[in-house]
Structures are given as structure tokens and as C-alpha cells.
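Topology and contacts: notes
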Amino acid sequence: MHILVCIKQVPDSAQIRVHPVTNTIMRQGVPAIVNPYDLYALEEALRLKDRYRARVTALCMGPPQAEAALRKALAFGADEAILLTDRVFAGADTLATSYALSAAIRQVHQDLPVDLVFAGKQTIDGDTAQVGPGIAARLDMQLLTYVSKIVSLDLAAREIVVHRRSEGGVQVLKTRMPALITVLEGINEMRFASLADMFRAERHRLTTWNKDDAHIEDVTKVGLKGSPTAVSKVFAPTPTNRRAEIIETQSGQPVDLAATLVAKLLARHPDVALAINPSLELDGRSS
Amino acid sequence: MTATPQAPTPRPAGRRAQKLDERLAGYKGVWVFVEYERGQVHPVSWELLGEGRKLADALKVELAAVLLGPPDGAVRGFCDQAIHHGADLCYLACHPVLGDYRNAPYTTVLTDLVNRYCPEILLLGATTLGRDLAGSVATTLKTGLTADCTGLAIDPENRGLAATRPTFGGSLLCTIVTLNYRPQMATIRPRVMATPVADAKRTGRVIEHAVALIEDSIITKVLEFIPDDHAAEANLPFADIIVSGGRGMKRQENFRLIQDLARVLGAEVGASRPVIQAGWVGADRQVGQSGKTVRPRLYIAAGISGAVQHRVGMDKSDVIVAINEDANAPIFDFAHYGIVGNAMTILPALTQAFTEHLRARKQAC
Ligand SMILES: Cc1cc2nc3c(=O)[nH]c(=O)nc-3n(C[C@H](O)[C@H](O)[C@H](O)COP(=O)(O)OP(=O)(O)OC[C@H]3O[C@@H](n4cnc5c(N)ncnc54)[C@H](O)[C@@H]3O)c2cc1C
Ligand SMILES: Nc1ncnc2c1ncn2[C@@H]1O[C@H](COP(=O)(O)O)[C@@H](O)[C@H]1O
């Protein structure tokens with residue numbers, strides 16, 4: 001069995017700051033990390049590798065520095081890593097990204113057929129959750145999104161049963177490989193990389209592909225040119241002109257502040273008064 | 001209506017073209033995909049019809065609802081409801097293969113409908129279903145899709161859709177346009193848009209769409225549906241009153257003060273992200289950018305600073321009350337009422353004051 005995992009290198013958004021005056025992103029010094037959601041995808045693939053002696057290939061499209069993300073995947077136990085990097089890929093939206101990634105996957109498939117593709121639920125920079133479904137549509141693979149559990153896998157019948165999170169419950173789905181699975185956070189706990197694996201990852205020769213290696217002939221389908229969407233502006237949320245009416249009383253005591261607030265709320269907002277619907281019989285114990 | 005507009009070839013034009021390509025100008029109308037599963041319409045669909053109505057009016061075109069589902073009477077009934085919520089017409093596709101949501105048959109049918117009737121805008125809820133379907137449909141149609149939007153508008157200059165969404169972890173917003181590709185697609189978060197008031201007198205047309213699919217051709221099968229245990233699950237997005245606590249509550253035990261007030265009001269308990277991370281309450285109670293979007297009639301925030309990632313999930317609430325000991329906390333910039341003070345003493349006092357009000361209300365009956 002051959003499993004391909006799509007991982008992206010992203011800026012650690014928890015550390016991104018916005019310049020207070022110019023409203024621009026201050027990227028300087030923000031570390032690049034593997035998209036946290038993709039680690040769940042990688043771990044799930046590695047678990048199948050352990051069980052079924054599968055081969056795991058990690059694929060990342062990004063600038064040359066994204067190599068670090070792939071080394072991490074190798075350290076955790078991926079067998080192969082492919083960095084898809086070319087100037088023409090820059091500025092891609094999700095449609096163009098899924099085009100380039102699916103072209104590369106097709107190429108990988110020629111050497112060794114791909115049975116499963118794993119992707120994260122979404123990225124923390126793009127946040128769209130669209131690239132996975134996009135790749136599945138382009139490669140005509142069965143799509144299973146928001147998977148919270150792989151229930152069973154039957155290699156002989158090429159069938160896989162999963163739990164898929166949906167509104168109000170879980171769908172138990174059975175499908176045939178090849179399939180693309182986007183995994184939900186919390187589906188597993190990432191392993192620790194062994195020291196030996198870390199050394200192996202450092203020595204490993206990554207495969208680096210440009211557009212020709214991925215057999216992408218039509219450059220109008222990738223990068224900025226192949227992106228139907230464009231960002232027309234970036235701005236800070238408008239400050240409301242509102243400023244809270246601060247409740248004050250002569251005594252400043254909590255009891256008086258609370259009574260004043262409640263009186264104002266009930267008098268001015270009949271909707272709020274109507275919405276109050278205690279779930280407890282008022283027997284005085286609640287106070 | 002029986003006339004079918006001639007479908008323009010859905011081929012994208014050059015990105016830099018100034019005027020919308022003639023072929024694309026043939027795309028007309030605003031569509032809302034009405035999410036229907038297991039006998040219920042997701043409320044986000046009504047919210048989108050309310051918003052879609054505004055877009056359609058700005059463009060002076062029709063608003064259509066699209067309903068896919070199994071061939072039972074219920075789906076048909078929801079066409080009327082969609083019209084009551086603002087649609088001019090409803091495209092209806094009923095077939096046994098559309099019984100439970102599955103990506104492949106839904107993508108095929110929705111893509112067919114778009115290719116046949118050519119809407120300029122297609123909106124879906126940013127739910128697990130909507131995001132799954134939108135990604136596949138947009139890729140199949142080779143058009144642009146903007147995910148998880150919080151605002152939509154029409155650019156009066158070029159009649160294009162301007163879709164706004166949070167970016168960079170929610171600290172900024174960005175507006176995204178789809179240039180020379182149609183339809184322009186977007187998914188929108190539940191509870192970001194207001195639910196329109198249904199008007200039972202509104203009438204509209206229903207256009208049935210024949211589905212030529214057979215179950216044998218569909219590879220993925222639904223074996224079972226395991227419903228969530230609703231007793232344990234919070235229904236924050238649709239709560240009328242929410243009492244939320246933040247890191248300022250200091251300790252898990254103090255969260256009892258939040259729960260006491262919530263119980264007296266019949267409210268749901270919410271929380272900011274640090275509270276979830278500390279494990280004081282379950283993850284389904286997180287309000288904000290990476291949690292739930294809520295719009296209750298009353299939102300009480302105690303010990304919450306009002307960071308933008310929290311704010312985007314709750315600032316559409318009708319009335320916001322903030323309790324914070326720091327008079328300069330950002331939450332006072334967008335709350336309606338504020339008490340500057342210690343939540344540990346203010347919360348019990350509020351619980352007491354509301355209890356007294358309820359007692360008086362009961363006696364008056
Ligand atoms: C990508 C990303 C996504 C995020 N998503 C979310 C999200 O969905 N939801 C969310 O909430 N956050 C989210 N955050 C985190 C967010 O940026 C803030 O860190 C968080 O909202 C702060 O929570 P807080 O207000 O409870 O804590 P703090 O910011 O620590 O504020 C505590 C407040 O309590 C007050 N206080 C202290 N003691 C008392 C007292 N005794 N009585 C009254 N007041 C008191 C303090 O004055 C202070 O204002 C996200 C961050 C990132 C980077
Ligand atoms: N540049 C990329 N390289 C590899 N995988 C990617 C890339 N962009 C997105 N993905 C995959 O697609 C998933 C969804 O991404 P997104 O649609 O950007 O939220 C991610 O979790 C990754 O698994």
C-alpha cells in the first residue's frame with residue numbers, strides 16, 4: 001500500500017502581529033512550522049504504515065525553505081519526501097494549488113500507485129479546507145472529509161470504513177480506494193521522532209520537483225495566473241463607535257451595581273426579558 | 001417557467017481583462033444551496049437566503065434556492081419555506097441517491113444545475129457539508145471559492161461579489177473577489193447573518209430537475225449515522241442568552257459562578273479559548289474565530305479581555321454586558337454595558353438580582 005500525505009509549511013499564526021499603525025503583517029522572525037492539522041494526517045498515515053507495511057510519501061508545495069517541513073515528516077517516519085517548488089507556483093489560490101499538487105500526485109502514482117491521499121482538515125494560514133476536496137475532484141478519487149476515525153481497512157477488497165463528522169452526528173462511510181481523506185484534529189496523538197530517525201531525515205536526499213518534473217505544461221493553470229480569486233484589500237476590523245455604558249452607583253457595591261444593570265436591561269430590552277427562561281425552579285437555593 | 005437560458009461555455013477569460021467576458025455576462029442570478037439532512041434544513045440556509053436577497057436586489061436579479069434530497073414530501077415542503085424566507089424560485093432535485101449527504105452525487109447534481117442555469121453567485125453554509133460540497137463543486141467548475149466568509153457585498157462598479165473573511169489568525173480581515181470566472185462561490189459561517197423573518201404570503205416558482213444517477217454507480221456508501229448525544233452537547237450558536245467566562249475567572253472552581261448565573265437565566269455557558277485550553281469546560285463551548293459564532297439576545301462576558309479572535313465570534317449579539325476589573329480592557333470598546341469590578345463578587349450579585357426579578361415576575365402571574 002502506498003499513502004501520500006500533503007503537508008504545508010505555514011507561518012506560526014499565534015506569533016503573527018499586526019503593525020498597529022500601518023495594519024500590515026509583521027512576518028519578521030515569525031517561525032515557519034508544519035501546518036498543525038497536517039501532523040494528524042501524517043500520524044494517521046504512519047499508523048497505517050505500521051499496521052500494513054505501507055509506504056508513506058510526503059508532498060509539499062512551497063518555497064525552497066519548505067524543505068524543513070518535509071525533513072520533519074521524514075523524521076517522524078515518512079519514507080519519501082517531495083518538494084514541489086517553482087517560481088510559477090507563487091501566488092496560487094486553492095484552485096491553482098490543487099492543480100499543481102494533483103499533477104505531482106499523478107506523477108508519483110506512475111512510479112508507485114497511490115492508494116490513499118491524506119490531507120489536513122485545513123491550513124492555519126489559508127484556513128479554507130478546499131485543497132483536499134480540490135485534489136480529490138481533479139484525480140477522481142473518493143472524498144472523505146472531516147474523518148474522525150478509520151474503522152477498518154480491507155486491503156484485499158480495497159475497502160475502507162471511516163467515521164466522518166457531520167452536522168449533528170457521525171456518518172459511517174464505506175468506500176473503495178483510491179480515496180482522499182482529510183482528518184480531523186484529535187484523531188490521534190503525534191508520536192515522538194526517534195533520534196535515529198532524526199539523523200536519517202537529515203541525511204535523506206529529498207526529491208525536488210519543478211513544474212517540468214511534475215509534467216505541468218499549462219502554466220496558466222498554476223500560481224497567480226491560475227487563480228480565479230484575488231485579494232482586493234486587507235484591513236483591520238472597524239472599531240465600533242460604541243463605548244460601553246459603564247454602570248456606576250453611589251455605593252459602588254456589587255449588589256447595587258447588579259441591581260442597576262438588571263433594571264436597565266429589563267426596561268430597555270424587552271427581548272432580553274422575554275428570553276430569560278430559568279432552567280431551575282426558584283427555590284432560593286440558587287442565590 | 002420552462003425557458004432554459006442558453007448555457008454559456010464556462011470557460012474562464014483572461015485574468016486581466018477589464019470588462020467581464022460576454023460569455024460570463026450570461027451568468028445571472030443569486031443562488032443559495034439549502035442544506036437539508038435527515039429531515040431538517042440547517043438554519044444557516046435561511047440566514048443565507050436573507051443575505052442572498054440583499055445581493056439579488058442590489059444586482060436586480062432573482063434569488064433562487066437549491067434543494068437536493070430524497071423523494072419524500074418533506075423536501076418539497078421546504079421549497080415553500082425557502083420562498084417564504086426570500087427566494088423567488090426554487091430548483092428542486094429529488095432522487096433516492098440524494099437521501100443521505102454524499103460528496104459524489106451531490107457534486108454531480110449541483111454542478112449539472114449550475115452548468116444548465118448559470119447563476120452568477122452561489123452561496124453555501126460553511127458547515128461540514130457545505131465546505132465539503134463547495135470545494136468539490138468549485139474545482140469541478142474551475143471557478144473561485146472564498147471560504148468561511150463573514151461579510152458579502154456587491155461592488156457597484158463591476159457587479160462582482162466582494163467576500164470578506166478573517167485572515168492571519170483573525171487579526172485582520174481581507175476582501176476577496178473572483179475575477180473573470182463564474183459563478184462566484186462563497187461559504188458563510190452560521191450565525192454571522194441575521195435570520196430573515198419568514199413571510200408566508202410570498203409565492204414563487206419551483207423548477208424540478210431530473211436526476212439521472214443510479215445507486216450502483218456511486219462508490220461511497222453510508223453504513224450508519226450515529227447522532228450526537230444532544231443532552232451533553234451545547235447548542236451555543238442558537239442560544240438566546242450566553243454567559244461566558246474567560247481567563248479572568250482564574251480557577252475552574254470559580255466557573256461555578258458562571259454556571260449559577262446561566263442556570264437562573266436559562267442560558268448556555270460559553271468561554272474564551274484559554275478556558276478551553278485549561279480544560280475548565282468542554283471544547284464545544286468555545287466562542288470565537290476558532291470556536292463558534294454566536295448571536296444571542298444577551299451575551300454576558302466575565303473576565304474576558306475582548307481579543308479580536310473572541311470578538312469576531314460574538315459581536316453580533318444584540319446586547320453585550322462585560323464584567324472586567326480593568327477599565328481599559330478592549331471589551332468595553334464594543335460591549336453595550338460594562339461593570340468595572342471583580343467578577344467573583346459581581347457575578348453572584350447579578351445572579352441574585354435576576355433571581356429577585358424572576359420571583360417578582362412569578363408573583364405577578
Ligand atoms: C489563531 C488564533 C485563534 C484564536 N481563536 C480564539 C477563539 O476562537 N476564541 C477565543 O476566545 N480566543 C481565541 N484566540 C485567543 C485570543 O487571541 C485571546 O488570547 C483570548 O481570547 C483571551 O482570552 P481571555 O480574554 O479569557 O484572557 P485574557 O486576555 O488573559 O483576559 C483576561 C481578562 O480578565 C480580566 N480579569 C482578571 N481578573 C478578573 C477578575 N477577578 N474580575 C474581572 N475581570 C478580571 C483581565 O482584566 C483581562 O481583561 C485565538 C488566537 C489565535 C492566535
Ligand atoms: N502548498 C501545499 N502543499 C502541500 N499540501 C497542501 C498545500 N496547501 C494545502 N495543502 C493540503 O491541503 C489541506 C487543506 O488546505 P487549505 O485548503 O489551504 O485549508 C492542508 O491541510 C494540506 O494537507
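Residues numbered from 1 in each chain as written. Chains lettered and ligands numbered in written order. Predicted model: local features only at pLDDT ≥ 70, side-chain atom pairs only at ≥ 80, totals over all residues. Heavy atoms only, no water.

**What about the overall build of chain B?**
Secondary structure assignment for chain B yields 9 helices and 18 strands. At 23 Å, chain B has a C-alpha radius of gyration in line with the 21 Å of a compact globule built from 365 residues. Projected onto its principal axes, the C-alpha coordinates of chain B cover approximately 70 × 45 × 40 Å. Classification of the 365 residues of chain B by burial places 59% in the buried group. Once local pairs closer than 6 in sequence are excluded, the contacts in chain B between residues at least 24 apart make up 68%. Taken as a whole, chain B presents about 14400 Å² of accessible surface, with 51% of it coming from carbon and sulfur. Positive and negative charge centroids in chain B, built from 39 and 37 side chains respectively, lie 4 Å apart. (Helix = DSSP H or I, 4+ residues; strand = E, 2+ residues; numbered from the N terminus. Rg over C-alpha atoms; globule rule 2.2 N^0.38 Å. Buried < 20%, exposed > 50% of the residue type's maximum accessible area, 1.4 Å probe, protein only. Contact = heavy atoms within 4.5 Å. Areas by Shrake-Rupley, 256 points an atom, 1.4 Å probe, with all protein chains shown as cover. Lys, Arg positive; Asp, Glu negative; His and termini not counted. Charge placed at Lys NZ, Arg CZ, Asp CG, Glu CD.)

**Section: the sheet that holds strand β16 (residues 298-302) of chain B**
Backbone-to-backbone hydrogen bonds join strands into a sheet, with any given pair of strands oriented parallel or antiparallel. Read across the sheet, 6 strands follow the order β15(A)-β18(B)-β17(B)-β16(B)-β14(B)-β15(B) without closing on themselves; strand pairing throughout is parallel. The sheet terminates laterally at β15 (245-246) of chain A together with β15 (268-271) of chain B, the two strands that pair on one side only. In terms of strand pairing, strand β17 (residues 319-324) of chain B meets strand β18 (residues 337-340) of chain B through 4 bridges, oriented parallel. Bridging from a neighbouring strand, Asn-324 of chain B pairs with Val-340 of chain B of β18 of chain B. Sheet strands in contact with helix α6 (residues 255-265) of chain B are β14 (241-245), β15 and β16 of chain B, and its direction is about 175° off that of β14 of chain B. Contacts between helix α9 (residues 343-364) of chain B and the sheet are confined to β16, β17 and β18 of chain B, with β17 of chain B contributing the most and set at about 135° to the helix. (Pairing = 2+ DSSP bridges. Axes fitted to C-alpha atoms, helices over the stretch in contact; angles between N-to-C directions.)

**A look at the sheet that holds strand β14 (residues 229-235) of chain A**
Taking strand neighbours across the sheet as the criterion, the 4 strands line up as β14(A)-β10(B)-β9(B)-β8(B) in an open arrangement whose pairing is antiparallel. The strands lining the two open edges of the sheet, one partner per strand, are β14 of chain A together with β8 (151-154) of chain B. Taken over all neighbouring pairs, the strand axes of this sheet differ in orientation by 30° on average, direction set aside. Pairing analysis gives 6 bridges linking β14 of chain A to strand β10 (residues 172-178) of chain B, with the strands arranged antiparallel. In the sheet register, Ala-230 of chain A faces β10 of chain B, and the bridge partner there is Val-177 of chain B.

**Observations concerning the site of ligand 2**
All names here are of chain A. Around ligand 2 sit 19 residues, and of these Cys-6, Asp-38, Thr-123, Thr-128 and Ala-129 come closest. Cys-6 places a main-chain nitrogen or oxygen 2.7 Å from an oxygen atom of ligand 2. Between ligand 2 and Thr-128 there is a distance of 2.6 Å, counted from an oxygen atom to a side-chain nitrogen or oxygen. Here ligand 2, which alone exposes 490 Å², has 97% of that area covered by the protein. At 3 residues, strand β6 (residues 55-61) tops the list of elements feeding residues into the shell around ligand 2. Residues of the shell around ligand 2, tallied by class, amount to 9 nonpolar, 7 polar and 3 charged. (Near = heavy atom within 4 Å. Polar contact = N/O pair within 3.5 Å; in protein donor to acceptor, adjacent residues only side chain to side chain. Nonpolar A, V, L, I, M, F, W, Y, C, P; charged D, E, K, R; others polar.)

**Brief notes about the nonpolar core**
Judged by nonpolar contacts, the single largest core of 44 residues is most densely connected at Met-249, Phe-255, Leu-265, Leu-347, Leu-350 and Phe-354 of chain B. In terms of residue count, α9 of chain B provides more of this core than any other element does, 8 residues in total. Beyond its immediate chain neighbours, meaning those up to four positions away, Phe-354 of chain B contacts Val-262, Leu-265 and Ile-276 of chain A together with Leu-261, Val-264 and Leu-265 of chain B. Counting 40 residues, the second largest nonpolar core, distinct from the first, contains Leu-46, Leu-74, Leu-173 and Ile-187 of chain A. (Core = buried A, V, L, I, M, F, W, Y, C linked by side-chain atoms within 4.5 Å.)

**Here we look at the pattern of salt bridges**
Following the criterion strictly, the structure yields 36 salt bridges over all chains and no others. Residue Asp-218 of chain A pairs with Lys-221 of chain A through a salt bridge whose shortest N-O separation is 3.1 Å. Under the relative-accessibility criterion, Asp-218 of chain A is labelled partly exposed at 27%. For Glu-208 of chain B, the salt bridge identified is with Arg-76 of chain B, shortest N-O distance 2.9 Å. Highlighted residues: Glu-208 of chain B in strand β12 (residues 205-208) and Arg-76 of chain B in helix α3 (residues 73-84), separated in sequence by 132 residues. One network of salt bridges, in which partners are shared, links Glu-43, Arg-47, Asp-50 and Arg-191 of chain A. (Salt bridge = Lys/Arg side-chain N within 4 Å of Asp/Glu carboxyl O.)

**Some thoughts on the side chain of His-204 of chain A**
Looking at the element boundaries, His-204 of chain A is found in the loop between α5 (195-203) and β13 (207-209). In this structure the side chain of His-204 of chain A is engaged in a polar contact, spanning 3.4 Å, whose partner is the side chain of Glu-80 of chain A.

**Observations regarding the site of ligand 1**
Lining the immediate environment of ligand 1, one finds 29 residues, of which Ser-272, Ser-290, Ser-305, Gln-309 and Asn-324 of chain B sit closest. Residue neighbours of ligand 1 fall on chains A and B, so the site bridges chains. Taking Arg-247 of chain B, its main chain carries an N or O atom lying 2.8 Å from an oxygen atom of ligand 1. Ala-343 of chain B has a polar backbone atom sitting 2.9 Å from a nitrogen atom of ligand 1. For the shell around ligand 1, the secondary structure elements donating two or more residues are α7 (273-277), α8 (308-311) and α9 of chain B. Residue composition of the shell around ligand 1, grouped by class: 7 nonpolar, 17 polar and 5 charged.

**A look at the pairing of strand β4 (residues 63-69) of chain B**
All names here are of chain B. β4 sits mainly inside the fold: 7 of its 7 residues count as buried. Across the two faces of β4 the burial is the same, with Leu-63, Ala-65, Leu-67 and Gly-69 and Ala-64, Val-66 and Leu-68 all buried. Pairing of strand β1 (residues 30-34) with β4 involves 5 bridges; the strand directions are parallel. From the neighbouring strand, Val-34 faces β4, where its bridge partner is Leu-67. With 6 bridges joining them, β4 and strand β5 (residues 89-94) adopt parallel strand pairing. Looking at the pairing, Leu-68 lines up with Ala-93 of β5. Note on the crossover from β4 through α3 to β5: the handedness is right-handed. (Right-handed = clockwise from strand over helix to strand, strands pointing away.)

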